[in-house]
Amino acid sequence: MRTYNDIYLSTRNLLRQNGVEAYSLEARVLVASAAGKTVQQLLRDINLYTTAEVENRVLDYAARRLKGEPVAYITGSWEFYGLPLTITPDVLIPRMDTEVLVDAVKEILTGYKMDARVLDLCCGSGCITCAIARELPATKLVAVDLSASALEVCRKNVTDHKFNARVLCIQADATSSPPLGIGNFDVIVSNPPYIASGEIPGLDRSVRDYEPIWALDGGEDGLRFYKAIIKYWKSILRPGGFLVFEVGEGQAQAVSEMLMSAGFTRTATRKDTQGIDRVVIGKM
């Protein structure tokens, strides 16, 4: 019989020897998930003995990780903005950079319009929707995605966090006109696909081989979705409303210029933790 700590240490060493950068964190997450525990519960029980079944599950998880499969897909969950979320291969894994997008919406609405209507375009897992719903409890949100399977994940996360009363999930295409009757919004927030098609083969294999390509591919120049969203969706922004985009590295200026050309009165940017312009804000 081995303790959780024994299994954690051997898993950590295995990941480290095979070049996994965040080997300590990932080993903790894999062992906790295999044991059906949170990381906090694992740390509490770290010196207890476990079963052969849990040990074998950890070995299976570690083998999948070493083949390149991301931890979030192995465990079926990931944390975003402090919220535990269900994650499947039908949706992108939430990135820490995207938390800057939530920060920007909070900054815009706090003290300005606490009962705002917010539209999350290309919502995927619903990570942005759920974070805004928790941080701004008077907001009403509509989450939109073209993928029915992504919307299933989004609905599960909305339900799990009991945001159903304030969040509506709708299937629609961000690159065409909004559905009739969707209403008007104070803020449209979007983290759309923004990687240029030609760059996708060069992505890390954990992204290229496992994450949904349709949620990454932003067309030939990476800007396809920004052009379409500005063209088709700005009409449902209320006067003085905001369009808030996450952008890829080096795209902020181009997206800012698109917003100004489309009649937005001003734009601003926000940097991520690495100092890259990650969010572009346009005000009507």
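Structure: see above.
Here's a quick rundown of the structure.

Reading the values: rules and limits
Residues numbered from 1 in each chain as written. Predicted model: local features only at pLDDT ≥ 70, side-chain atom pairs only at ≥ 80, totals over all residues. Heavy atoms only, no water. Helix = DSSP H or I, 4+ residues; strand = E, 2+ residues; numbered from the N terminus. Buried < 20%, exposed > 50% of the residue type's maximum accessible area, 1.4 Å probe, protein only. Pairing = 2+ DSSP bridges. Axes fitted to C-alpha atoms, helices over the stretch in contact; angles between N-to-C directions. Contact = heavy atoms within 4.5 Å. Left-handed = near helix turned anticlockwise from the far one by under 90°. Nonpolar A, V, L, I, M, F, W, Y, C, P; charged D, E, K, R; others polar. Disulfide = S-S within 2.5 Å. Core = buried A, V, L, I, M, F, W, Y, C linked by side-chain atoms within 4.5 Å. Parallel < 35°, antiparallel > 145°, perpendicular 65-115°, else oblique. Salt bridge = Lys/Arg side-chain N within 4 Å of Asp/Glu carboxyl O.

### Section: unusual backbone geometry
Here is step 1: A positive phi angle, close to 65°, is found at Cys122, a residue other than glycine.
Here is step 2: Checked against the element boundaries, Cys122 lands in the loop between strand 3 (117–121) and helix 7 (127–135).
Here is step 3: Accessibility expressed as a relative area gives 18% for Cys122, which makes it buried.
Here is step 4: At Lys162, a residue that is not glycine, the phi angle is positive and equals roughly 60°.

### Examining the sheet that holds strand 5 (residues 167–171)
Here is step 1: Read across the sheet, seven strands follow the order 5-4-3-6-7-9-8 without closing on themselves; strand pairing throughout is mixed. Here the strands that pair on one side only, and so sit at the sheet edges, are strand 5 and strand 8 (266–271). Here the strands of the sheet are splayed against their neighbours by 20° on average, with no regard to which way each runs.
Here is step 2: With five bridges connecting them, strand 6 (residues 185–190) and strand 7 (residues 237–246) associate as parallel partners.

### Remarks on the side chain of Thr129
Here is step 1: Residue placement: Thr129 occurs in helix 7.
Here is step 2: For Thr129, the residues in contact, after removing those within four places along its chain, are Asp120, Leu141, Ala143, Val158 and Val167.

### Quick notes on the pairing of strand 5
Here is step 1: Here strand 4 (residues 140–145) runs beside strand 5; their pairing, made up of five bridges, is parallel. Looking at strand 5, one finds that Val142 is bridged to Leu168.

### Quick look at the packing of helix 6 (residues 99–109) against helix 7
Here is step 1: Remark: helix 6 packs on helix 7, axes separated minimally by 10 Å, with the N-to-C direction vectors making an angle of 35°. In this structure, helix 6 meets helix 7 at a crossing whose hand is right-handed. Contact residues: Leu101, Val102, Val105 and Lys106 in helix 6; Ile128, Ala131, Ile132 and Glu135 in helix 7.
Here is step 2: Classifying every residue of the contact of helix 6 with helix 7 gives six nonpolar, no polar and two charged.

### Observations regarding the state of the cysteines
Here is step 1: Scanning all chains against the criterion turns up zero disulfides.
Here is step 2: Counting only cysteine sulfurs, Cys123 is the nearest neighbor of Cys122, a cysteine outside any disulfide, at a range of 8.1 Å.
Here is step 3: Residue Cys127 stays outside any disulfide, its sulfur separated by 8.1 Å from that of Cys130, the closest cysteine.

### Notes on the nonpolar core
Here is step 1: Val105, Leu109, Val118, Ile132, Val187, Val189 and Val244 are the most contacted members of the largest nonpolar core, which totals 42 residues.
Here is step 2: In terms of residues, this core owes the most to one element, helix 6, which gives seven residues.
Here is step 3: Core analysis: the second largest hydrophobic core is formed by 34 residues, Val207, Leu237, Leu243 and Val255 among them.

### Some thoughts on the packing of helix 10 (residues 224–233) against helix 11 (residues 252–261)
Here is step 1: Contact geometry for helix 10 and helix 11: axes closest at 10 Å, N-to-C directions at 20°. When the interaxial angle is binned, helix 10 and helix 11 end up roughly parallel. Of the two elements, helix 10 crosses helix 11, and the hand of that crossing is right-handed. Together, Tyr226, Lys227 and Ile230 of helix 10 and Val255, Met258 and Leu259 of helix 11 make up the contact between the two elements.
Here is step 2: Tallied by class, the residues present in the contact of helix 10 with helix 11 amount to five nonpolar, no polar and one charged.

### Concerning the pattern of salt bridges
Here is step 1: Considering all chains together, one arrives at 17 salt bridges under this definition.
Here is step 2: Arg44 is the salt-bridge partner of Asp45, the closest N and O atoms lying 2.9 Å from each other.
Here is step 3: Where Asp209 meets Arg208, a salt bridge forms, and the shortest distance between an N and an O atom there is 3.1 Å.
Here is step 4: Taking relative accessible area as the criterion, Arg208 reaches 30% and is therefore assigned partly exposed.
Here is step 5: Because the salt bridges share partners, they merge into one network encompassing Lys37, Arg44 and Asp45.

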